[in-house]
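Residue-level listing of the chains:
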Amino acid sequence: MEPGAADSNGSPVFRTRRLTKTYRQGEVKIHALRGVDLDLYAGELVVMLGASGSGKSTLLNILGGLDVPSSGEVRYRDIELSAAGDRELTQYRREHVGFVFQFYNLIPSLTARENVAAVTEIASNPMSPEDALALVGLTARIDHFPAQLSGGEQQRVAIARAIAKRPEVLLCDEPTGALDSATGVLVLEALDKANRETGTTTVIITHNASIAGMADRVITLSDGNISGERRNKQRQDPRTLSW
Ligand SMILES: Nc1ncnc2c1ncn2[C@@H]1O[C@H](COP(=O)(O)OP(=O)(O)OP(=O)(O)O)[C@@H](O)[C@H]1O
Ligand SMILES: [Mg+2]
């Protein structure tokens with residue numbers, strides 16, 4: 001398949017049907033997801049937009065096997081995540097999913113290279129830490145500790161760590177949430193490049209509608225439902241984005 005080209009004719013990588021998630025807080029029920037039907041395709045880069053509380057993180061966490069739905073189906077290829085137990089979900093995450101969060105969670109006592117190596121040492125077919133860090137433009141910072149790196153550089157180490165095991169899916173929850181626009185763009189460039197060069201199906205959650213231009217497809221959540229879906233004719237180069 002062409003790098004970055006969404007294979008929307010093939011079978012989806014993820015398929016959710018009537019997916020719901022209800023949290024209970026005492027007497028109160030919070031309907032975080034109210035029946036989400038969503039297909040995600042191999043290699044596509046999807047930006048997920050929506051107001052605070054609309055259910056974005058809940059949906060991403062269920063796709064990533066970090067949480068389970070209250071009802072409905074979620075399937076990753078032929079793994080029925082909605083029927084999987086803890087052990088199966090742990091194995092699924094380990095083999096198939098890379099995560100990037102707003103805060104980088106790097107190990108402070110390890111260099112950039114060692115932070116990435118901590119993951120590649122236990123993966124079955126990893127990139128070298130050097131290659132993963134080169135992909136995010138950090139070759140010159142490879143022996144630096146997190147405290148010696150800027151926020152954007154630390155986030156790019158976190159991306160290198162997430163992609164080094166060559167996951168089929170990369171799930172990013174507000175990856176630029178703690179960064180200014182110029183630094184955030186470097187992080188988005190790294191995600192764009194990783195998606196194009198490794199073909200990993202990528203979901204980026206953001207509050208920030210101006211990021212949507214870099215996506216193949218944009219999905220909007222409102223109050224636990226998908227309220228909008230559009231496909232961009234062309235992916236905008238992240239370097240041309242600002243907010
Ligand atoms: N563990 C939890 N217990 C109770 N309610 C929760 C829990 N996690 C999320 N919620 C509620 O579910 C709804 C959806 O939350 P979610 O975190 O998915 O939203 P979000 O779109 O990611 O918001 P944000 O943009 O602020 O991160 C919110 O009303 C939230 O308060
Ligand atoms: Mg969230």
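Procedures and definitions
Residues numbered from 1 in each chain as written. Chains lettered and ligands numbered in written order. Predicted model: local features only at pLDDT ≥ 70, side-chain atom pairs only at ≥ 80, totals over all residues. Heavy atoms only, no water. Helix = DSSP H or I, 4+ residues; strand = E, 2+ residues; numbered from the N terminus. Rg over C-alpha atoms; globule rule 2.2 N^0.38 Å. Contact = heavy atoms within 4.5 Å. Areas by Shrake-Rupley, 256 points an atom, 1.4 Å probe, with all protein chains shown as cover. Lys, Arg positive; Asp, Glu negative; His and termini not counted. Charge placed at Lys NZ, Arg CZ, Asp CG, Glu CD. Core = buried A, V, L, I, M, F, W, Y, C linked by side-chain atoms within 4.5 Å. Buried < 20%, exposed > 50% of the residue type's maximum accessible area, 1.4 Å probe, protein only. Salt bridge = Lys/Arg side-chain N within 4 Å of Asp/Glu carboxyl O. Near = heavy atom within 4 Å. Polar contact = N/O pair within 3.5 Å; in protein donor to acceptor, adjacent residues only side chain to side chain. Nonpolar A, V, L, I, M, F, W, Y, C, P; charged D, E, K, R; others polar. pLDDT = per-residue confidence, 0-100. Phe/Tyr/Trp six-rings, centres within 6.5 Å; stacked < 30°, edge-to-face > 60°.

Peer 1: Residues and numbers for the overall build of the protein, please.
Peer 2: When you go through the protein residue by residue, the secondary structure sums to six helices and 10 strands. Taken over C-alpha atoms, the radius of gyration comes to 17 Å for the protein, in line with the 18 Å a tight globule of 243 residues would show. With the principal axes as the frame, the protein shows a C-alpha extent of 50 × 40 × 40 Å. In the protein, the proportion of contacts linking residues at least 24 apart, taken out of those at least 6 apart, comes to 71%. Total accessible area on the protein stands at roughly 11,300 Å², and carbon and sulfur atoms take up 46% of it. In the protein, which carries 27 positive and 30 negative side-chain charges, the distance between the mean positions of the two groups comes to 3 Å.

Peer 1: Go over the nonpolar core, please, and point to the residues and values.
Peer 2: With 38 residues, the main nonpolar core has Val47, Leu133, Val157, Ile159, Leu191 and Met214 as its most contacted residues. Elements supplying a minimum of two residues to this core: strand S3 (45-50), helix H3 (112-120), helix H4 (129-135), helix H5 (151-163), strand S7 (169-173) and helix H6 (181-198). Broken down by element, this core gets its largest block of residues, six residues, from H5. With residues near it in sequence (within four places) discarded, leucine 133 still touches Ala112, Arg113, Val116, Leu138, Thr139, Ile142, Val157 and Ala160. Grouped together as the second largest cluster of nonpolar side chains are 28 residues, Val46, Leu60, Val74 and Leu221 included.

Peer 1: Residue-level account of the pattern of salt bridges, with values.
Peer 2: Counted by the stated rule, this structure contains 16 salt bridges. Two residues, arginine 239 and aspartate 237, come together in a salt bridge whose shortest N-O distance is 2.9 Å. The class for aspartate 237 is partly exposed, based on a relative accessible area of 31%. A single network of salt bridges, built from pairs that share partners, joins Asp192, Arg196, Asp216 and Arg235.

Peer 1: So what's going on with the site of ligand 1? Residues and values would help.
Peer 2: Surveying the vicinity of ligand 1 reveals 13 residues, the closest of which are Ser52, Gly53, Lys56, Ser57 and Thr58. One nitrogen or oxygen atom from the side chain of serine 52 is found 2.6 Å from an oxygen atom belonging to ligand 1. At a separation of 2.8 Å, an oxygen atom of ligand 1 approaches a polar side-chain atom of serine 57. For ligand 1, whose free accessible area comes to 640 Å², the fraction covered by protein is 64%. Take the shell around ligand 1: its biggest share by element is three residues, from helix H1 (residues 56-63). Within the shell around ligand 1, the residues separate by chemical class into four nonpolar, eight polar and one charged.

Peer 1: Any details on the side chain of glutamate 44? Residues and values, ideally.
Peer 2: Relative to the elements of secondary structure, glutamate 44 occurs in the loop between strand S2 (28-40) and S3. Classification of glutamate 44 by relative accessible area gives buried; the value is 0%. A distance of 2.8 Å separates a polar atom in the side chain of glutamate 44 from the backbone nitrogen of tyrosine 41.

Peer 1: Can you tell me about the confidence of the model for the protein, naming the residues and giving the values?
Peer 2: Per-chain confidence: the protein averages 94 in pLDDT, with 96% of residues scoring 70 or above. Below a pLDDT of 50 lies the segment residues 1-7, which in the model reaches 15 contacts outside its immediate sequence neighbourhood of four places, other chains included.

Peer 1: I'd like a description of unusual backbone geometry, backed by residues and values.
Peer 2: Even without being a glycine, arginine 18 presents a positive backbone phi close to 50 degrees. Structurally, the position occupied by arginine 18 is in strand S1 (residues 14-25). Overall, arginine 18 belongs to the exposed group, its relative accessible area being 52%. The phi dihedral of asparagine 105 falls on the positive side, at around 55 degrees, and the residue is not glycine. Take asparagine 105: it is sitting in the loop between strand S6 (97-100) and H3.

Peer 1: Quick rundown of the packing of aromatic side chains? Include the residues and the values.
Peer 2: On inspection of all chains with the given rule, the structure shows three aromatic pairs. Measuring from centroid to centroid gives 5.7 Å for phenylalanine 99 and phenylalanine 101, while their planes differ by 10 degrees, and the two rings are stacked. Overall, phenylalanine 99 belongs to the buried group, its relative accessible area being 19%. Residue phenylalanine 101 is classed as partly exposed on the basis of its relative accessible area of 32%. Joined through ring pairs, the aromatic side chains of Phe14, Tyr76 and Tyr92 make up one cluster.

Peer 1: Tell me about the environment of proline 175, residues and numbers included.
Peer 2: Position of proline 175 relative to the elements: it lies in the loop between S7 and H6. What makes proline 175 buried here is its relative accessible area of 1%. Sequence-wise, proline 175 and leucine 188 are 13 residues apart; in three dimensions their C-alpha atoms are separated by 8.2 Å. Excluding residues within four positions of it along the chain, proline 175 makes contact with Val100, Phe101, Gln155, Val187, Leu191, Ile204 and Ile205.

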